[in-house]
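One-letter residues, chain by chain:
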Number of protein chains: 2
Amino acid sequence: MRTGAPRRRRTLRDVADAVGVSVNTVSRALRGESGVSAESRETIRRAAERLGYVPNVHARSLVLGGPRTIGLVITNVSNPFYAELISAIEQRAAEEGYHIVLFLSEESTAREQAAAENVIRSGLDGVIVVPVQGETNPWPAVERAGIPLVVVNRRLDDLDVDTVATDNHAGAYAATSHVIAQGARSIVMLEEDLPITTIDQRIQGFRDALVDASLPLDDRQVIMVPTRRNDRAALPWQAGDAYRVTVDLLARGHRPDGCVVGNDYFALGLYRALRERGLRCPEDTLVVGFGDYPFAEFLEPPLSTVRLPAGEVGRAAVDRLMHRVNGAEPRSREVTLVPPELVTRRSTGS
Amino acid sequence: MRTGAPRRRRTLRDVADAVGVSVNTVSRALRGESGVSAESRETIRRAAERLGYVPNVHARSLVLGGPRTIGLVITNVSNPFYAELISAIEQRAAEEGYHIVLFLSEESTAREQAAAENVIRSGLDGVIVVPVQGETNPWPAVERAGIPLVVVNRRLDDLDVDTVATDNHAGAYAATSHVIAQGARSIVMLEEDLPITTIDQRIQGFRDALVDASLPLDDRQVIMVPTRRNDRAALPWQAGDAYRVTVDLLARGHRPDGCVVGNDYFALGLYRALRERGLRCPEDTLVVGFGDYPFAEFLEPPLSTVRLPAGEVGRAAVDRLMHRVNGAEPRSREVTLVPPELVTRRSTGS
DNA sequence: GTGAAAGCGCTAACAA
DNA sequence: TTGTTAGCGCTTTCAC
């Protein structure tokens, strides 16, 4: 039980006064610099301890230059893609001597807005962001505040900004072409119902592959799985929602012989729905996922999927940001597109 | 192509001199405060822009008090448990007005050491850490530097420190008792070969459950899956390694009728090994996992598993840390144990 | 070995 | 509306 007013934080001055030496001496003593008698050093140390002296980082940073810090604004950590992305970014940034301040937007524009404000207020040296792409776009303001920005994994078309992303169109095109090559003719695509460029581009890749193969294209072939990202932080519902959508599809009499799904969680739900209807994969329906999540290879049947280059994307984003943080040309925005890789397994008959 | 020496960073002073007003006026103009004529404001803005003036955060922080920041040192983001933990911690910390600086140790003592040094150097307000528990333990030094510390998910027995963890013993005990209740008599446990308390305690829980059920206990019932965390950041090898270990086990003629595995990835490998041998789950062998990873419910058969309270643990850790950061009793360490929850599904015959 | 003084770049009181 | 004066808490000359 401590009493009294929440007293002012102790400073070097307080310690100095208590011991009866100068501020300078205390500073050097506490930092272990030479040029202080062993005796006074001890006295000072003890006084500091007793008073509960804690150095003021901001004052020190002002003189010495504080740690360099970049913000990382991610929508969701539970997505294995982002997990790998974070890991790569943290590692590369650490190599460059930068700290990472993590903000989670959870696909909410409000939280994204708050993150952007914090980035500006804290004056971070730069920021890497996976934008929510909702009604609002707080990132131009960050650019205007002079904070270098790199957008990752999604495109911000209304903002002329450095971007590093997966080539989702190519990924979806390759996946779709693959199931066509394996004999599928009636193909559906399942995508999460999020208004983001990532998904737009995948849908386009799907369509282009069908068209290029001279297969008929019907809008109903692209099925949107309602998103729930706004409700929950984690994503465990993804498999369940894909399951329900697929059950519904099958109940209406559809019998696709090929399925391209927007992420590997969806494939889990799809597998279950197919099993329950007595449909076999790959005999009756080929399935290809997106992400190559750690479980994909161990499903029954092992899941063909588009492996996303999360590590590469992350490292490229840091490199790009470092470039600008270190004062390189203020105006030369570029878009880096990293190609994904199709991994074929038994779910597509390989 | 820019020439000349890497010139000093611009300050308010520079802008003020350029325009011919006082530093103060520039400050207020740039911050959009009232009490500056629209005219000079524009002039000042333009001059600042032209000179490439960027405010010095450290100086501002010194005056205003910078953002409060806590460090979060995690071993691995690819583990869904940690993903949820990070999410919960970030959210709760944000509510309290704190930023999160993320350090990834990847189960490497070297990186953990570096993280600890950075925490001290940066003078963070506090730190939440999942310790590596290797040869070295850099955390006492952090405590000594006066930085409040909360250990999460593992116990640091040689350090008297606030700890928030899952009750792993209880989880393993419950899981094991459950498969016993479901009829298993010859039970094995698969655990990752990491020298951490988490795993020690689970093994103990497993043993205690067997003993309490008067079942024979043999050291070979606990099978260690070699870890590879030191090589790779992500964890996609976990399923594969568990697979190999299980194949080996079955090849040696063992036929356990119950398996308790240390994480749900292991269950994936186990499932495959059983399938290949023509063993059925749950008919021939009951399986229970740890983690309730997002895919667990959608495996075939759906996986019984111990759901870990990652969110609760994370929030409790932040609360505990806030307590100390806000200057509460310096010496009253406590260990909070959050109970996990057994989720029974068809893999144990439910 | 120690202290006095200056200054890091900014904001805030108070004058003018 | 603007400028002057004081710090914020620390490190760093440079005397003594």
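Residues numbered from 1 in each chain as written. Chains lettered and ligands numbered in written order. Predicted model: local features only at pLDDT ≥ 70, side-chain atom pairs only at ≥ 80, totals over all residues. Heavy atoms only, no water.

## Describing the interface of chain B and chain A
Phase 1: With 46 residues of chain B at the interface, the matching set in chain A holds 46 residues.
Phase 2: Of the roughly 4,200 Å² buried between chain B and chain A on both sides combined, carbon and sulfur atoms contribute 60%.
Phase 3: The interface formed by chain B and chain A includes four salt bridges.
Phase 4: Arg275 of chain B is the partner of Glu300 of chain A in a salt bridge, and the nearest nitrogen-oxygen pair spans 3.4 Å.
Phase 5: Between the two partners, chain B and chain A, sit 18 residue pairs in polar contact (both at pLDDT 80 or more).
Phase 6: Among the secondary structure elements, those contributing two or more residues to the side of chain B that touches chain A are helix H4 (57–64), helix H5 (80–95), strand E2 (98–104), helix H6 (109–122), helix H10 (237–251) and helix H11 (264–276) of chain B.
Phase 7: Of the residues that constitute the side of chain B that touches chain A, the class distribution is 23 nonpolar, 15 polar and eight charged.
Phase 8: Note that strand E2 (residues 98–104) of chain A and E2 of chain B share three bridges and pair antiparallel. Among the inter-strand pairings, Leu102 of chain A is bridged to a residue of E2 of chain B, identified as Ile100 of chain B. (Contact = heavy atoms within 4.5 Å. Buried area = accessible area lost by both parts, 1.4 Å probe. Salt bridge = Lys/Arg side-chain N within 4 Å of Asp/Glu carboxyl O. Polar contact = N/O pair within 3.5 Å; in protein donor to acceptor, adjacent residues only side chain to side chain. Helix = DSSP H or I, 4+ residues; strand = E, 2+ residues; numbered from the N terminus. Nonpolar A, V, L, I, M, F, W, Y, C, P; charged D, E, K, R; others polar. Pairing = 2+ DSSP bridges.)

## Some thoughts on the packing of aromatic side chains
Phase 1: Enumeration according to the criterion identifies nine aromatic pairs over all chains in this entry.
Phase 2: Look at Tyr265 of chain A and Phe295 of chain A: their rings are 5.6 Å apart centre to centre, the planes differ by 25°, and that puts the pair in the stacked class. Placement of the pair is Tyr265 of chain A in helix H11 (residues 264–276) and Phe295 of chain A in the loop between strand E9 (286–290) and strand E10 (304–307), with a sequence separation of 30 residues. The residues Tyr265 of chain A and Phe295 of chain A share a single accessibility class, namely buried.
Phase 3: The interplanar angle of 70° and the centroid separation of 5.3 Å between the aromatic rings of Phe81 of chain B and Tyr82 of chain B together place this pair among those described as edge-to-face. Neither residue differs from the other here; Phe81 of chain B and Tyr82 of chain B are each classed as buried.
Phase 4: Above the plane of the ring of Phe290 of chain A lies Arg202 of chain A, whose end atom (NZ or CZ) is 4.4 Å from the centre.
Phase 5: The ring of Phe298 of chain B has Arg272 of chain A lying over it, and the distance from NZ or CZ to the ring centre is 4.5 Å. (Phe/Tyr/Trp six-rings, centres within 6.5 Å; stacked < 30°, edge-to-face > 60°. Buried < 20%, exposed > 50% of the residue type's maximum accessible area, 1.4 Å probe, protein only. Lys NZ or Arg CZ within 6 Å of the ring centre and 35° of its normal.)

## Here's the deal with the UniProt feature "domain: HTH lacI-type" (unreviewed entry) in chain A
Phase 1: Using the residue numbers shown here, the UniProt feature "domain: HTH lacI-type" (unreviewed entry) corresponds to residues 10–64 of chain A.
Phase 2: What you have in residues 10–64 of chain A is 71% helix and 0% strand, and the ends, taken at the C-alpha atoms, are 20 Å apart. (UniProt positions renumbered as here; feature names shortened; annotations may be inferred.)

## Quick notes on unusual backbone geometry
Phase 1: For the bond running from Glu300 of chain A to Pro301 of chain A, omega is -5°, close enough to zero to count as cis.
Phase 2: Looking at the secondary structure, you find Pro301 of chain A in the loop between E9 and E10.
Phase 3: Of note in the backbone geometry, Asp292 of chain A takes a positive phi value of approximately 50° without being a glycine.
Phase 4: You will see that Asn153 of chain B, though not glycine, has its phi angle at about 75°, which is positive.
Phase 5: Assignment of secondary structure puts Asn153 of chain B in the loop between strand E4 (149–152) and strand E5 (162–166).
Phase 6: For Asn153 of chain B, a relative accessible area of 7% gives the class buried.

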